[in-house]
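In case you want the letters, here they are:
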Amino acid sequence: RPPLITLDRRVPIPLYYQLKELLRRDIESGEYQPGDTLPSERTLSERYLISRPTVRQAIRELVYEGLLEREKGRGTFIARPKINYGFIQQFVTFYDDMAQKGFLLKTRVLRQEEEPASRPLAALLDVPEGEPLAVIERIRFLEDAPIVKVTNHLPLKLCPDLLTADLTDRSLYRFIGERYRLHPHRAAITLEAIVADALDAELLQVPEGAPLLLMKNTTFTTDGIPMDYFQSRFRGDRGKVKVEVFESNNLRVP
């Protein structure tokens, strides 16, 4: 199809930037839908009478901004809107947060077994080294796509028969709250940007080296007892973390 707006060579705005903003407008207006294939570099080059390197630069910047996704051997696609991992700012589980947003959530349990606490885990959970832990490793799916791999470590003395519980498609914290009266009250959380290793790539269906968000969380009960330490590896291409901050009275200049 012919361009709705041609590029203006009379203004001091780079052509790649003009093309980038035209494509952004088409994406944000809904002319291109998530999952649609972007016209090829050659097509865009001929449509707007510009060089392919100019087209390539515009596309590269839109990929960097998250509006486009490139798949090797397949082409460039309109990116799906990223899920807000808002649960990180609230005391709510990933399962409950996604369910409240209306997503179809599924869980596959990869591992559910007893392990002795290593020295680092013993320190995090305030238990003796070698203390039996329930280790539960799961993959969470949203709309049938794997979104996060999570590995929980809980002192087995707090939840004695957890290893035989059916945790498929259910919230772990809701289960242990109902069964053992273990209720999360406080959490210490760290977030890190990492890249997918070979196992992550296989389980989360992303290329090796793809961006992931690593979340480390120690959860405490109302009595201050560490009840769980878990690590979650979230797909960076499917979600984002939105943070709201407020002015601190302590930082005000008198």
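It should be noted that the structure appears before, not after, this text.
Let me sum up the structure you'll find in this document. (Residues numbered from 1 in each chain as written. Predicted model: local features only at pLDDT ≥ 70, side-chain atom pairs only at ≥ 80, totals over all residues. Heavy atoms only, no water.)

**Observations regarding the overall build of the chain**
Then, number 1: When its secondary structure is counted, the chain shows seven helices and ten strands.
Then, number 2: Across the 254 residues of the chain, 44% fall into the buried class.
Then, number 3: Per element, the accessible surface of the chain, about 14500 Å² overall, is 52% carbon and sulfur. (Helix = DSSP H or I, 4+ residues; strand = E, 2+ residues; numbered from the N terminus. Buried < 20%, exposed > 50% of the residue type's maximum accessible area, 1.4 Å probe, protein only. Areas by Shrake-Rupley, 256 points an atom, 1.4 Å probe, with all protein chains shown as cover.)

**With respect to the side chain of Glu131**
Then, number 1: Here Glu131 shows up in the loop between α5 (119-125) and β5 (132-142).
Then, number 2: Among residues more than four places away in sequence, those in contact with Glu131 are Glu115, Pro116, Ala117 and Lys157. (Contact = heavy atoms within 4.5 Å.)

**Let's talk about the packing of helix α1 (residues 15-29) against helix α3 (residues 52-64)**
Then, number 1: Running from amino to carboxyl end, α1 crosses α3 at an angle of 50°, the nearest separation of the two axes being 8 Å. Taken together, α1 and α3 sit at an angle that is classed as oblique. The crossing of α1 and α3 is right-handed. Residue-level inspection shows Leu15, Tyr16, Leu19, Lys20, Leu23 and Arg24 of α1 in contact with α3, the latter providing Thr54, Val55, Gln57, Ala58, Glu61 and Leu62.
Then, number 2: For the contact of α1 with α3, the residue count by class is seven nonpolar, two polar and three charged. (Axes fitted to C-alpha atoms, helices over the stretch in contact; angles between N-to-C directions. Parallel < 35°, antiparallel > 145°, perpendicular 65-115°, else oblique. Left-handed = near helix turned anticlockwise from the far one by under 90°. Nonpolar A, V, L, I, M, F, W, Y, C, P; charged D, E, K, R; others polar.)

**Digging into a nonpolar patch on the surface**
Then, number 1: A cluster of nonpolar residues, Val11, Ile13 and Tyr17, forms a patch on the protein surface that exposes about 230 Å² of accessible area.
Then, number 2: Structurally, Ile13 can be placed in the segment before α1.
Then, number 3: On the accessibility criterion, Ile13 (41% relative accessible area) is partly exposed. (Patch = residues over 30% accessible without salt bridge, like charges linked within 9 Å, V, L, I, M, F, W, Y side chains within 5 Å. Salt bridge = Lys/Arg side-chain N within 4 Å of Asp/Glu carboxyl O.)

**Topic: the packing of helix α2 (residues 41-48) against α3**
Then, number 1: Following both chains from N to C, one finds α2 and α3 inclined at 115°, their axes separated by 9 Å at the closest point. Classified by the interaxial angle, the pair formed by α2 and α3 is roughly perpendicular. α2 and α3 meet at a crossing whose hand is right-handed. Where α2 approaches α3, its residues Glu41, Arg42, Leu44 and Ser45 are matched on the opposing element by Arg52, Val55, Arg56 and Ile59.
Then, number 2: Within the contact of α2 with α3, the residues separate by chemical class into three nonpolar, one polar and four charged.

**Examining the packing of aromatic side chains**
Then, number 1: This structure, assessed with the given rule, holds two aromatic pairs.
Then, number 2: A ring pair is formed by Tyr16 and Tyr17, whose centres lie 6.5 Å apart and whose planes are at 90°; its orientation type is edge-to-face.
Then, number 3: When the ring of Phe175 is compared with that of Tyr180, the centres are 6.3 Å apart and the planes differ by 80°; the resulting orientation is edge-to-face.
Then, number 4: Classification of Phe175 by relative accessible area gives buried; the value is 5%.
Then, number 5: A residue is classified by how much of its surface remains accessible, and Tyr180, at 16% relative accessible area, is buried.
Then, number 6: The ring centre of Phe220 lies 4.0 Å from the NZ or CZ of Arg186, which sits over that ring. (Phe/Tyr/Trp six-rings, centres within 6.5 Å; stacked < 30°, edge-to-face > 60°. Lys NZ or Arg CZ within 6 Å of the ring centre and 35° of its normal.)

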